[in-house]
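# Analysis of the macromolecular model
Here are the chains, one letter per residue:
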Amino acid sequence: MQIERVTSPEGFDRAFAVRVEVFVDEQQVPIELERDDRDDTSVHFLAVRDGEVVGTVRMYEDPPGEAHLGRLAVRASARTGGVGRVLVDAVETESRALGLRRVVLSAQLQAMGFYERLGYTAYGPVYDDAGIPHRDMAKELGP
Ligand SMILES: CC(C)(COP(=O)(O)OP(=O)(O)OC[C@H]1O[C@@H](n2cnc3c(N)ncnc32)[C@H](O)[C@@H]1OP(=O)(O)O)[C@@H](O)C(=O)NCCC(=O)NCCS
């Protein structure tokens with residue numbers, strides 16, 4: 001499996017197709033909520049296996065000095081094979097390279113165990129986003 005950084009509109013379309021499959025079709029998130037202004041300023045990564053995009057994630061800096069990881073999606077047929085872990089690793093590597101000291105994210109409650117395995121800690125209350133319960137999580141990045 002390779003991780004590719006999105007550098008073109010076509011690359012973004014490939015990432016977005018996975019997000020539609022996972023968040024809109026599978027999780028019933030309204031399509032109008034799936035695309036937002038953050039997409040224009042985010043770094044997007046693709047996980048590609050045998051020429052097929054099997055997962056995606058995006059990151060942007062907010063608040064200053066911290067990376068926000070979001071829209072992590074792995075196609076159902078490719079899950080529990082390490083794709084999600086490699087995508088999170090890509091965000092952490094990019095964050096370190098940018099001098100960011102912490103990664104924050106908004107975790108669906110069902111995904112919290114996944115992030116905990118990767119060293120993330122939950123904080124604050126449970127809240128609703130797009131009809132799905134979430135909780136904030138964060139990880140301090142070492143050198
Ligand atoms: C959550 C998601 C990204 C995980 O991706 P994945 O490729 O299946 O995860 P990995 O195979 O890299 O899993 C890494 C570890 O976490 C575990 N894990 C995966 N999903 C988990 C979950 N939902 N809860 C608890 N542990 C989980 C794996 O078993 C693996 O354990 P190991 O360390 O013993 O090997 C994927 O299930 C997905 O896209 N789900 C739908 C969309 C979603 O929930 N996105 C996140 C929104 S916050």
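Residues numbered from 1 in each chain as written. Predicted model: local features only at pLDDT ≥ 70, side-chain atom pairs only at ≥ 80, totals over all residues. Heavy atoms only, no water.

If you look the protein up in an unreviewed UniProt entry, it shows as GNAT family N-acetyltransferase from Motilibacter deserti.

### Considering the side chain of Glu66
Tracing the chain through its elements places Glu66 in strand S4 (residues 66-74). A distance of 3.1 Å separates a polar atom in the side chain of Glu66 from a polar atom in the side chain of Arg102. Sequence-distant contacts of Glu66, defined by excluding residues within four places in its chain, comprise Tyr60, Glu61, Leu100, Arg101, Arg102 and Val104. (Helix = DSSP H or I, 4+ residues; strand = E, 2+ residues; numbered from the N terminus. Polar contact = N/O pair within 3.5 Å; in protein donor to acceptor, adjacent residues only side chain to side chain. Contact = heavy atoms within 4.5 Å.)

### Here's the deal with the sheet that holds strand S2 (residues 43-49)
Across a sheet, strands are paired by hydrogen bonds formed along the backbone, either parallel or antiparallel in direction. Taken in spatial order, the seven strands line up as S1-S2-S3-S4-S5-S7-S6 in an open sheet, and their pairing is mixed. Edge strands, defined here as strands with exactly one partner in the open sheet, are strand S1 (2-5) and strand S6 (121-129). Direction aside, the axes of adjacent strands within the sheet are offset by 25° on average. Strand contacts of helix H4 (residues 83-97): S1, S2, strand S3 (52-61), S4, strand S5 (102-108) and strand S7 (132-140), with the helix running at about 160° to S4, the strand carrying the most contacts. (Pairing = 2+ DSSP bridges. Axes fitted to C-alpha atoms, helices over the stretch in contact; angles between N-to-C directions.)

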